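An overview of the molecular structure
Spelled out, the chains give:
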Amino acid sequence: MSACPNSVSEQAWRDSGLAVWEIERFAEVARQAATAGSRVLLHHFGRLERIQEKGSAGNLVTEADFAAEEAVLAVLAEATPELGVLAEESGRRLGQSSPLEWCVDPLDGTTNYAHRYPFFGTSVGLTWNGRPLLGALAAPALQQFYWAAPGLGAWNNDSPIRVSDCQELASSLLVTGFAYDRITRLDNNYAEFAWFTHRTRGVRRAGAAAVDLAFVAEGRVDGYWERGLSPWDLAAGIPLVEQAGGVVCSYDGSPVDLASGCLIACTPALRQALVAGLAACLPLRGASYGAPELDGGCQMPTP
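Residues numbered from 1 in each chain as written. Predicted model: local features only at pLDDT ≥ 70, side-chain atom pairs only at ≥ 80, totals over all residues. Heavy atoms only, no water.

**Considerations on the pairing of strand E15 (residues 263–266)**
What counts, and what does not: Accessibility here uses a 1.4 Å probe with only protein chains present; expressed as a share of the type maximum, an area under 20% marks a residue as buried, one over 50% as exposed, and anything in between as partly exposed. By definition, any uninterrupted DSSP run of H or I lasting at least four residues is a helix, any uninterrupted run of E lasting at least two residues is a strand, and each is numbered from the N terminus. Here the rule is simple: two strands pair whenever DSSP picks up at least two bridges between them.
Neither face of E15 is exposed, since Leu263 and Ala265 on one face and Ile264 and Cys266 on the opposite face are all buried. Inspection of the sheet shows strand E13 (residues 223–226) paired to E15 by 4 bridges, in the antiparallel sense. Bridge pairing in E15 places Tyr224 opposite Ala265. Across 3 bridges, the pairing between strand E14 (residues 247–249) and E15 is antiparallel. Across the sheet, the residue bridging to Val247 is Cys266, located in E15.

**Quick word on the packing of helix H5 (residues 190–199) against helix H9 (residues 271–280)**
Basically, it comes down to this: Working convention: axes come from line fits to C-alpha atoms, limited for helices to the stretch in contact. Angles between N-to-C directions cover 0 to 180 degrees. Any angle that is under 35 degrees is reported as roughly parallel, and any over 145 degrees as roughly antiparallel; angles of 65 to 115 degrees are reported as roughly perpendicular and all others as oblique. Should the near helix be turned anticlockwise from the far one by less than a right angle, the crossing is termed left-handed; should it be turned clockwise, right-handed. Contacts are assigned to residue pairs that have any heavy atoms within 4.5 Å of one another. Following the grouping adopted for this structure description, the nonpolar residues are Ala, Val, Leu, Ile, Met, Phe, Trp, Tyr, Cys and Pro, the charged ones are Asp, Glu, Lys and Arg, and the polar ones are all others, Gly among them.
Between H5 and H9, whose axes approach to 9 Å, the crossing angle comes to 130°. Between H5 and H9, the angle falls in the class oblique. Crossing angle aside, the handedness with which H5 passes H9 is right-handed. Each of Glu192, Trp195 and Phe196 in H5 lies in contact with H9, whose residues at this interface are Ala273, Leu274, Gly277, Leu278 and Ala280. Of the residues assigned to the contact of H5 with H9, the class counts are 6 nonpolar, 1 polar and 1 charged.

**Focus on the sheet that holds E14**
Reading across from one edge, E12-E11-E13-E15-E14 is the order of the 5 strands in this open sheet, with mixed pairing throughout. The sheet terminates laterally at strand E12 (202–205) and E14, the two strands that pair on one side only. Across the sheet, the mean angle from the axis of one strand to that of its neighbour is 20°, orientation sign disregarded. Each of strand E11 (173–176), E13 and E15 touches helix H6 (residues 209–218); the most contacted strand, E13, lies at about 155° to it.

**So, the environment of Ala265**
If you trace the backbone, Ala265 turns up in strand E15. Between the C-alpha atoms of Ala265 and Val85, which are 180 residues apart in sequence, the distance is 25 Å. Ignoring sequence-local partners within four residues, the contact set of Ala265 consists of Leu213, Val216, Gly223, Tyr224, Val241, Val247 and Val248.

**Details of the side chain of Arg185**
To keep things clear, this is the line we draw: For the purposes of these results, a polar contact is taken to be a pair of N or O atoms within 3.5 Å, where, inside protein, one atom must be able to donate a hydrogen and its partner to accept one; residues adjacent in sequence count only when each atom of the pair is a side-chain atom.
One can find Arg185 in the loop between E11 and H5. At 3.2 Å, the side chain of Arg185 forms a polar contact with the side chain of Asp181. A polar atom in the side chain of Arg185 sits 3.1 Å from the side chain of Asp187.

Right, here's the structure in full:
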């Protein structure tokens, strides 16, 4: 199954004018960087000395996040010193006037990692003018290594991958997640989780967006939706899904925007059902799950 010609990553490739050999080179750099970060994660796994919160409650950071990011950035700096980088822990480093920018999540699934739950990874994506182009994801505890690039397809370890052939919501297995701000707003994905759980074979919540996207790409799950995400959560995973024959869009079905933090990723046949389902959901009252304070006029921004 080939990528949709209208996919974000395919369009970014056309607009970039990059030759196949350049795509191959950048894909190799992404693989090397993700590998470097994942080795650091394995080294620290189960041996953490510091676990801290940053920003909001439940948003954890550990010494492994910083060490893995340092390893990733070292590979990128040596191989592509001219390109900018947006990294979760150290922020943005501007490049030399190129529309290409690396987008790095050194430890996707930090909460899982801190609890020794083996669903985590290092994600390294490359964007063109803010649109995902290619990427790599190493999930070392699962012994899975994913990468994808336009013209080269989508891969796990040494095997090509593709999305499932699921045709209808009733026979699908979906995956989602909950943002760190879920305890302070009614627009927290609880209603959506219940709505889709009632209409599918099930909905899973694993806690690492990039790995969730890789599982869609490989056909382990049939669809994924989530809000409150950051560009580094998505930059590598979107090309994986698209190059494996899947579709990615915003909640309303429009082209995905990394800055919005909301996306759907699924088999082509499920796209409209997911868009319609999300549109049908109204937030649950906070009192229904023990948070009556949220019912007192808390604003509910649209996705």
